[in-house]
Each structure stands twice: as structure tokens, then as C-alpha cells.
Amino acid sequence: MATTDEEGHAPSVLHQVLSAARDAGFLGPGPIATHLRHAEGFVTLARHQATLGPAGGGETPRLLDLGSGGGLPGLVLAEVWPTCTVVLLDANERRTDFLRHSVTKCGLGDRVSVVHQRAEVAGRDPALRGSFDGVVVRSFGPPAVVAECAAPFLHPGGWLIVSEPPGSAEGAAEEGARWPAGPLAQVGLEPQEFVRTEFGYQVLRQAEACPDRFPRRNGVPTKSPLF
């Protein structure tokens, strides 16, 4: 383990964890500082959504990091938002083993839990379905797959924040093409806004409870997307 970060400073525990995630191939390439700024964008948007009403969870929201991988943005949300609780969900056992170790190392075990399960299965778990104020998605799949797999976790009034690729949704027409209101309504979601800062994020709202028929069985959202 390096004794300094990319800027020559002593790394925080979270920085060390994220460096290990990158080395293990769970995070993707690039400076840890860039990954952290990206995650902090989720935090800013999530905290704003939480102020919009009681359905947003207020200052004590329950959040789900869908396809958490190396722990972003979930670990950062928990680190900088001390009143939230976070579930890190991932289908890969190596990643969830790593996440459990990371949660312990960061001292977040009282507010962060790890679930090793496919989203299509976890979305039908009574302990998880319809129980979250917000879902965050950094890297999980195309919009149709994200929508079908995320919506079952949200209660009505909850919100979904998704990282968007560089250059996407520069105009309303493109945003509508990636996140079309009509098909999204099938799972109870409606597009709210696209935010472009250093990074791009799509924000959606759970207008009504996701119908019981979603999510479909394992693999179907990817093989036969809703849009």
C-alpha cells in the first residue's frame, strides 16, 4: 500500500479502500480524486432530493447503491452524510466480500450493510422492496435495465440518481431518448432532471409504486429491455 496518495498526501482510510478497489479491478482506472469528485456529485444531488419532502427521507434517508462494485458512490455517501443508512448491493461474491471488509475498515458497520444478490432477486425481497428513499447507480447497465432493476426498491416519492456517460443528454431531445417518460411509467418512474457539472447525472422520481410484475426474472431486463 502506498504511503501517499496521487497528490503526495497521506491517504485517508477511504482513499486506501478505493485504491485497493481500483487495484482489484472493481473501480475502473483513473485517479482516486476523480472518482471521489464523481461520488461527491451524487452526494450533492441526493441531499437536495432529500430536502424536497418527507418522501425523500429528509436527513435520515435509507439509500441503496445498486451494483456497488468497489463501493462508489455508497461508501462516500455514508462517509460524508452521517445520518443516512446505506445498502451496498452487488451480484458478484468477490466484490461483496471486498465491500464487507471495506465497510469494517472505514468504521461504517453501524450504518452500511452489504447484500450479495442479483437485483432481480433482491427487488422481490420484502425486506428491501419499496423500502428505500433513494437509489444511486454509478455503473450498472443501460437506462431500461437500470429503471427496471431500481424502481422496485423505491417507495412512492423516492428518487433515483444515475451517472450518465460523457456528452449525453446535452439537450432535452437526447435526454428524452435515453429516459423516455412513457416506457418509464411502466415501472412507476418519471424523469425529473438532467444535471451536468463536471459529470452528468440523471435524476428520476418514483411517482407511484412499482407494479408487482417487475422486476422480471434473472437476465430478462437485459435480454428484453422495456425500451
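Structure's up top.
Here is a short report on the structure shown in this document. (Residues numbered from 1 in each chain as written. Predicted model: local features only at pLDDT ≥ 70, side-chain atom pairs only at ≥ 80, totals over all residues. Heavy atoms only, no water.)

## Topic: the pattern of salt bridges
Counted only if it meets this: Salt bridge, as used here, is a side-chain nitrogen of Lys or Arg placed within 4 Å of a carboxyl oxygen of Asp or Glu. By definition, any uninterrupted DSSP run of H or I lasting at least four residues is a helix, any uninterrupted run of E lasting at least two residues is a strand, and each is numbered from the N terminus. Throughout, exposure labels follow a simple rule: accessible area from a 1.4 Å probe, protein chains only, divided by the maximum for the residue type, with under 20% read as buried, over 50% as exposed, and the rest as partly exposed.
For the structure on display, the rule yields seven salt bridges. In this structure, the salt-bridge partner of R100 is D97, at a minimum N-O distance of 3.6 Å. A residue pair is termed a helical-turn pair when its members lie 3 or 4 positions apart in one helix, as R100 and D97 do in helix α4 (residues 93–105) at three residues. On the accessibility criterion, R100 (37% relative accessible area) is partly exposed. Of the charged contacts in the structure, one is a salt bridge between E148 and R216, with a shortest N-O distance of 2.7 Å. Taken together, the residues span a long stretch of sequence, with E148 in helix α6 (residues 143–150) and R216 in the loop between β7 (200–206) and α9 (220–223) at a distance of 68 residues. By relative accessible area, R216 is classed as partly exposed at 21%.

## What about the packing of aromatic side chains?
Operational definition: Stacked, edge-to-face and tilted labels apply to pairs of Phe, Tyr and Trp rings (six-membered ring for Trp) whose centres lie within 6.5 Å, assigned for plane angles under 30 degrees, over 60, and everything in between, in that order. Counted as over-ring charges are cases with an Arg CZ or a Lys NZ within 6 Å of the ring centre that also lie within 35 degrees of the ring normal.
Tallied over the entire structure, the rule returns three aromatic pairs. Measuring from ring centre to ring centre gives 5.4 Å for F26 and F98, while their planes differ by 65 degrees; the resulting arrangement is edge-to-face. Taken together, the residues F26 in the loop between α1 (13–23) and α2 (32–50) and F98 in helix α4 connect sequence positions 72 residues apart. Take F26 and F98: they sit in the same class, and that class is buried. Look at F42 and Y201: their rings are 5.1 Å apart centre to centre, the planes differ by 80 degrees, and that puts the pair in the edge-to-face class. Here the residue F42 occupies a position in helix α2, and Y201 occupies one in strand β7, the gap between them amounting to 159 residues. In terms of burial, F42 and Y201 fall into one category: buried. Across from the ring centre of F132, 4.3 Å away, lies the NZ or CZ of R62, which sits over that ring.

## Topic: the sheet that holds strand β5 (residues 154–164)
Using the following cut-off: Pairs of strands are assigned from DSSP output, requiring at least two bridges between the strands. Angular values range over 0 to 180 degrees, each being the angle between N-to-C directions of two axes fitted as lines to C-alpha atoms, with helices fitted over their stretch in contact.
Taken in spatial order, the seven strands line up as β3-β2-β1-β4-β5-β7-β6 in an open sheet, and their pairing is mixed. The sheet is open, and its two edges are formed by β3 (112–116) and β6 (189–196), each paired on a single side. Between one strand axis and the next, the sheet turns through 20 degrees on average, direction left out of account. Here five bridges tie strand β1 (residues 62–66) to strand β2 (residues 85–90), and the two strands are oriented parallel to one another.

## Looking at the environment of E59
As a reminder of what qualifies: Here, residues are in contact when the closest pair of their heavy atoms is within 4.5 Å. Throughout this description, a polar contact denotes any pair of N or O atoms lying within 3.5 Å of each other; where both atoms belong to protein, one of them has to be capable of donating a hydrogen while the other can accept it, and for residues adjacent in sequence the pair is counted only when both atoms sit in side chains.
Following the sequence through the fold, E59 ends up in the loop between α2 and β1. Placed 25 residues apart in sequence, E59 and C84 show a C-alpha to C-alpha distance of 7.0 Å. Residues within four places of E59 in sequence aside, it is in contact with R47, W81, T83 and C84. Within the structure, the side chain of E59 is placed 3.2 Å from the side chain of W81, a separation counted as a polar contact.

## Re the nonpolar core
In plain terms, the rule: Only buried residues count toward a nonpolar core, which is a set of Ala, Val, Leu, Ile, Met, Phe, Trp, Tyr and Cys residues joined through side-chain atoms within 4.5 Å.
L88 and I161 are the most contacted members of the largest nonpolar core, which totals 38 residues. Taken together, the elements giving at least two residues each to this core come down to α1, α2, α3 (74–80), β2, α4, β3, β5 and β7. Counting residues per element, this core draws most heavily on α2, which supplies eight residues. If near-sequence neighbours (up to four positions away) are discounted, L88 is found in contact with D65, S68, G74, L75, L99, V103, V112, S113, V114 and V115. By size, the runner-up hydrophobic cluster in this structure holds 28 residues, among which are A119, F153, L160 and L189.

## Quick look at the environment of N218
Topologically, N218 is positioned in the loop between β7 and α9. Each C-alpha atom of the pair N218 and V76 lies 29 Å from the other, and the pair is 142 residues apart in sequence. Setting aside residues no more than four positions away along its own chain, N218 makes contact with R118, E120 and V121.

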